[in-house]
Amino acid sequence: MEILSYPYRPQARVMLLASIFFGAVACFMGREAMVNDRGLIVNGLIHLEPGGATTFYWCIAAIGAAFTAVGIPAFFVGLLSPHRVVLTSTDISAPKYGFSRKATTVKLSDIRGQSLQVVQENRFLNIYHVNGKLTISESFLPDEAAFKELCAAIAQRAPTQPGG
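Below is a summary of the structure that appears in this document.

## Things to note about helix 1 (residues 12-35)
Right, on to step 1. For helix 1, which comprises 24 residues, the first-to-last C-alpha distance of 35 Å matches the rise-based estimate of 34 Å (1.5 Å per residue) to within 8%.
Right, on to step 2. By the burial criterion, the buried members of helix 1 are Ala-12, Ser-19, Gly-23, Ala-26, Met-29, Gly-30 and Ala-33.
Right, on to step 3. Buried residues in helix 1 make contact with helix 2 (50-80).

## Points about the sheet that holds strand 7 (residues 111-119)
Two pairing modes exist for strands in a sheet, parallel and antiparallel, and in both the strands are linked by backbone hydrogen bonds.
Right, on to step 1. Read across the sheet, 3 strands follow the order 7-8-9 without closing on themselves; strand pairing throughout is antiparallel. Pairing within the sheet leaves two strands with one partner each, and these edge strands are strand 7 and strand 9 (132-137). If you compare each strand with its neighbour and ignore which way they point, the axes differ by 20° on average.

## Overview of a nonpolar patch on the surface
Right, on to step 1. Residues Ile-72, Phe-76, Leu-79 and Leu-80 make up a contiguous nonpolar surface patch of roughly 410 Å² in combined accessible area.
Right, on to step 2. Counting through the fold element by element, Leu-80 comes out in helix 2.
Right, on to step 3. Exposure remark for Leu-80: the relative accessible area of 66% places this residue in the exposed category.

## With respect to the packing of aromatic side chains
Right, on to step 1. Enumeration over the complete set of coordinates arrives at 5 aromatic pairs.
Right, on to step 2. Ring geometry for Tyr-8 versus Phe-140: centroids 5.4 Å apart, planes at 50°, classification tilted. Residue Tyr-8 is found in the loop between strand 1 (4-7) and helix 1, and its partner Phe-140 is found in the loop between strand 9 and helix 3 (144-157); the two are separated by 132 residues along the sequence.
Right, on to step 3. Each ring, one from Phe-21 and one from Phe-22, has its centre 5.0 Å from the other, and the planes form 75°; the classification is edge-to-face.

Conventions used here
- Residues numbered from 1 in each chain as written.
- Predicted model: local features only at pLDDT ≥ 70, side-chain atom pairs only at ≥ 80, totals over all residues.
- Heavy atoms only, no water.
- Helix = DSSP H or I, 4+ residues; strand = E, 2+ residues; numbered from the N terminus.
- Expected span 1.5 Å × (residues − 1).
- Buried < 20%, exposed > 50% of the residue type's maximum accessible area, 1.4 Å probe, protein only.
- Contact = heavy atoms within 4.5 Å.
- Pairing = 2+ DSSP bridges.
- Axes fitted to C-alpha atoms, helices over the stretch in contact; angles between N-to-C directions.
- Patch = residues over 30% accessible without salt bridge, like charges linked within 9 Å, V, L, I, M, F, W, Y side chains within 5 Å.
- Areas by Shrake-Rupley, 256 points an atom, 1.4 Å probe, with all protein chains shown as cover.
- Salt bridge = Lys/Arg side-chain N within 4 Å of Asp/Glu carboxyl O.
- Phe/Tyr/Trp six-rings, centres within 6.5 Å; stacked < 30°, edge-to-face > 60°.

Shown next as structure tokens:
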């Protein structure tokens, strides 16, 4: 059986665009907070006085800054990370989480089941094994074809065992 190996890291372009977007949100909302002198009505349901509106703007600015602070390192991980998903005839190796420093290796004989999970159009392959669960995100692989090939190869090499 051939060895399948794919880079496994966040898409650098997506992380860069997200960082730029949330950085712009942080700057815009921070500016709005600094110059605000009016109240705010949110969807006709929430009415805020000028002080409450300013606090709301600062909170949104802080959230944007936090996402930017996470997105910038993720951009560099997407460019520089050596992480890979490797499937051999005996085991699969992948980072337990997208930003894990080391890979988790699971013997194919230890796999008890697998499932495909979709969360808002994002697909994840959950591999259940004797020591827990390993999740592989489609968005961290090079493309959809790599994800489909990996899923099919795992299903072929490690069929679900009864009682798993």
